[in-house]
Structure formats: C-alpha cells, structure tokens
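Next come the chains, spelled out residue by residue.
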Amino acid sequence: MAGNSQRRGRTSGAGKKGATAGTGGHGRRGLAGRGNTPKAEDRPYHPAFRKAKAAAARRDNRARVAKRNEEQPELLLGRNPVVEALRAAIPAQALYVVTGDGSRGGTDERIAEAVQLAADRGLPLLEVGRAEFDRMSDGALHQGIGLMVPPYDYAHPDDLLDVARDAGRPPLVVALDGVTDPRNLGAVVRSAAAFDAHGVVVPQRRAVGMTASAWRTSAGAAARVRVARAVNLARTLAAYQDAGLQTVGLAGDGDVDLHAYDGFADPVALVVGAEGAGLSRLVRERCDVVVRIPMTKDTESLNVSVAASIALYAAASARR
C-alpha cells in the first residue's frame with residue numbers, strides 16, 4: 001500500500017505548475033516592442049500615403065516639364081512672328097517651311113522675306129510636309145512656317161555686377177518679381193538697354209523666361225543686355241545689398257514719390273512686381289525703399305513694362 005501511495009504522490013506532484021525552461025533568448029525579438037507608429041503618409045495602406053505619393057508624382061512631373069522646357073529649343077510659329085524675329089536677329093537654329101504653302105513660289109511676301117533673311121544669316125532651310133509640321137507644332141496654328149530658337153543662355157545675377165564694373169558706372173539692375181508675360185519681359189529688356197541698365201534678373205520659378213516672344217519684343221535689345229536667372233529672388237536681392245546696392249521697389253502704394261527719391265545716382269537694383277499682383281511679400285521686405293509713380297486717381301495701375309520704363313528714365317536722368 002505504501003508503495004502505491006508513493007506512486008500516487010509522484011503522479012499528483014507532476015501535475016502541479018512549476019518553472020519552465022528558458023528559450024535562451026530566442027523569443028526576445030517577439031517580446032520586443034515595434035517602435036513608434038509610422039506617420040500616416042508612411043503607411044502603404046493609409047489614404048494619406050496614396051495622397052503623398054500622388055503629390056510627389058505631380059512634383060516630379062512638373063520638374064521634368066520645367067527641365068524639358070528649359071533644355072529644348074522653342075519652335076516659333078506664324079509668318080509675322082517669324083519675320084519679326086528674323087528682323088530682330090534673335091538667335092535661331094533653323095527655318096522650317098511647309099512644302100506647297102507658296103514659300104518657294106513667292107506667293108506670300110512674308111514667307112519669301114523669312115527665307116531670304118534666313119539665307120542671309122546662313123540658317124538651314126528645312127522643307128517639311130504639312131502632316132509632319134502639324135505634329136512638330138502640336139497642332140498649333142503655324143501658317144506653314146516656323147523658326148527653331150535655341151534655349152536662352154542665362155547669366156548669373158553676380159555677372160551683372162561684373163558688367164557694371166567693366167562699364168565703369170554704378171550698377172543699375174532691374175529685377176522682375178513674378179512677371180509672366182514674355183512681351184512685358186521683352187519690353188523691360190528693351191527699356192533697360194535704352195537707359196543704360198546693366199541687366200535684368202528674373203526668378204527661376206513662377207515667372208516667364210527669355211522665350212522667342214520676349215526676344216522679339218525686345219527688338220534686338222536682348223542681344224545687348226544680359227538676362228540673369230535667380231533661384232531665389234529675395235536671396236539675390238540680399239546679395240545685391242551686401243554688394244552695396246540699394247534695393248528700390250516700385251509699387252502703386254509706395255512710401256516715396258518717384259521724383260522725390262534721390263538715390264538713383266548710386267548703385268541700385270530696381271525691383272518691379274507683376275501687374276495686378278505687385279511685389280510679393282518676401283521680395284518687398286527685401287526692398288530698402290518702395291517708391292510710387294504719381295498718377296491720377298482714375299488710373300488704377302500701369303503696365304509693368306511702362307512702369308519700369310518710367311523708373312529707368314528717372315534713374316538715367318539722375319546719372320547724367
């Protein structure tokens with residue numbers, strides 16, 4: 001009986017919960033925490049992730065388009081624009097003429113003149129079929145003729161100070177803030193040449209560059225006045241201030257009348273905003289003074305190129 005009792009005791013003791021063997025650290029990873037919860041835009045199955053991914057794709061696409069637009073030549077279309085561009089001697093790579101549009105028979109005087117001007121400059125004359133030229137012009141109205149214009153070779157903003165130093169005159173630079181019409185840019189470049197400015201600065205983003213239309217509007221002045229492109233216009237103006245230039249903004253609600261400002265004989269960066277929008281906040285904060293052109297109350301504002309021309313005339317008068 002005793003033996004049986006001992007066997008029963010051992011059997012019941014085995015059913016009690018006791019210490020278990022360790023894992024030797026093999027389960028430590030499973031016991032560890034998973035860390036901070038990822039942001040919503042970092043979780044692949046969260047709507048914010050898809051939204052952020054779509055926004056990044058749009059940014060990449062805009063960057064590719066901007067890069068392509070900057071690096072690729074521009075095809076200037078239309079009989080009058082092409083003739084005017086050739087008369088202004090803007091840089092060009094080739095003249096395209098659609099076969100069968102009367103260009104060779106001389107039935108259209110503008111095409112005949114364009115062909116002659118291109119030949120005088122030694123530009124290649126390329127005859128193409130209408131279907132091919134429709135494809136090249138993306139279906140835009142071309143009137144059977146187009147001029148291939150190379151990308152503009154922009155200067156660095158500091159280069160304009162070197163131009164002024166070589167000229168032996170106090171620097172006079174025009175900075176355009178957010179101007180998007182190429183005709184306005186071309187007109188400002190033309191005025192800058194007329195009043196002895198040393199160059200024009202345009203922002204790299206959200207502003208027009210030196211397109212064929214701007215070249216044409218400048219009436220050849222773009223060949224004499226350098227245009228620089230600034231990555232950040234406010235920082236460029238700060239660099240000009242460090243170089244000794246006074247930044248003079250031009251706005252309808254300026255603090256000083258244009259004729260009352262007496263600093264145009266000194267180194268100046270004239271800052272002109274877009275028509276309607278005016279100077280942006282950051283750019284205006286970088287202006288040492290903001291001047292206004294006195295006008296009648298019935299006139300709300302002036303075209304940006306007209307306003308710039310008036311201010312440049314005032315600067316030229318002060319420097320004589």
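Values in this document were obtained by computation on a predicted structure and should not be read as measured data. (Residues numbered from 1 in each chain as written. Predicted model: local features only at pLDDT ≥ 70, side-chain atom pairs only at ≥ 80, totals over all residues. Heavy atoms only, no water.)

Things to note about the overall build of the protein chain
A count of helices and strands for the protein chain gives twelve helices and eleven strands. Looking at the protein chain residue by residue over its 320 residues, the buried ones come to 38%. As displayed, the protein chain offers around 18800 Å² of accessible surface, 49% of which is attributable to carbon and sulfur atoms. (Helix = DSSP H or I, 4+ residues; strand = E, 2+ residues; numbered from the N terminus. Buried < 20%, exposed > 50% of the residue type's maximum accessible area, 1.4 Å probe, protein only. Areas by Shrake-Rupley, 256 points an atom, 1.4 Å probe, with all protein chains shown as cover.)

Structural notes on helix α4 (residues 79–87)
When we look at burial in α4, the residues that qualify are R79, V82, V83, A85 and L86. Projection of α4 onto a plane perpendicular to its axis shows the buried side chains occupying an angular sector of 160°, all on one side. Considering only its buried residues, α4 is in contact with β1 (74–77), β2 (94–98), α5 (109–121), β4 (145–149) and α9 (212–217). (Arc of directions from axis to C-beta. Contact = heavy atoms within 4.5 Å.)

Some points on the pattern of salt bridges
Opposite charge on two side chains makes pairing possible when the charged atoms of those side chains draw close. Within the structure shown, the criterion is met by nine salt bridges. Between E132 and R135 there is a salt bridge, with the nearest N and O atoms lying 2.6 Å from each other. Of this pair, E132 and R135 both sit in helix α6 (residues 130–136), three residues apart, which is roughly one turn of the helix. Under the relative-accessibility criterion, E132 is labelled partly exposed at 36%. Residue R135 is classed as exposed on the basis of its relative accessible area, which comes to 53%. (Salt bridge = Lys/Arg side-chain N within 4 Å of Asp/Glu carboxyl O.)

As for the environment of V149
You can see V149 is positioned in strand β4. Taking the C-alpha atoms as reference, V149 lies 5.9 Å from Q93; in sequence the two are 56 residues apart. Setting aside anything within four residues of it in sequence, one finds V149 in contact with P73, E74, L76, I90, P91, A92 and A212.

Things to note about the packing of helix α8 (residues 182–194) against helix α12 (residues 304–318)
Direction vectors running N to C along α8 and α12 enclose 15°, while the axes themselves pass 9 Å from each other. Classified by the angle between their axes, α8 and α12 sit roughly parallel to one another. The way α8 lies across α12 gives a crossing that is right-handed. Each of N184, A187, V188, S191 and A192 in α8 lies in contact with α12, whose residues at this interface are V304, S305, A308, S309 and L312. Looking at the contact of α8 with α12 residue by residue, the class counts come to six nonpolar, four polar and no charged. (Axes fitted to C-alpha atoms, helices over the stretch in contact; angles between N-to-C directions. Parallel < 35°, antiparallel > 145°, perpendicular 65-115°, else oblique. Left-handed = near helix turned anticlockwise from the far one by under 90°. Nonpolar A, V, L, I, M, F, W, Y, C, P; charged D, E, K, R; others polar.)

Concerning the packing of aromatic side chains
Under the counting rule described, the total for this entry stands at five aromatic pairs. When the ring of Y152 is compared with that of Y154, the centres are 4.8 Å apart and the planes differ by 70°; the resulting orientation is edge-to-face. Members of the aromatic cluster, each reached through a chain of ring pairs, are Y152, Y154 and W215. Sitting over the face of the ring of Y154, R229 holds its NZ or CZ atom 4.1 Å from the ring centroid. (Phe/Tyr/Trp six-rings, centres within 6.5 Å; stacked < 30°, edge-to-face > 60°. Lys NZ or Arg CZ within 6 Å of the ring centre and 35° of its normal.)

Describing the sheet that holds β1
Strand order across the open sheet formed by four strands is β1-β4-β2-β3, with mixed pairing between neighbours. Only two strands of the sheet have a single neighbouring strand rather than two, namely β1 and β3 (125–128). Each strand of the sheet is rotated relative to its neighbour by a mean of 25°, with strand direction disregarded. As paired elements, β2 and β4 share four bridges and run antiparallel to each other. By the bridge assignment for β4, A94 is matched with M148. Strands in contact with α4 are β1, β2 and β4; relative to β4, the strand with the most contacts, it is inclined by about 45°. Taken strand by strand, α5 contacts β2, β3 and β4, and its axis lies near 150° from that of β2. (Pairing = 2+ DSSP bridges.)

What to know about the packing of α4 against α5
Relative to each other, α4 and α5 sit at 30°, their axes nearing to 9 Å. On the basis of the axis angle, α4 is roughly parallel to α5. The handedness of the crossing between α4 and α5 comes out as left-handed. Listed contacts from α5 to R79, N80, V82, V83, L86 and R87 of α4 are R110, I111, E113, A114, L117, A118 and R121. Taken together, the residues of the contact of α4 with α5 break down into seven nonpolar, one polar and five charged.

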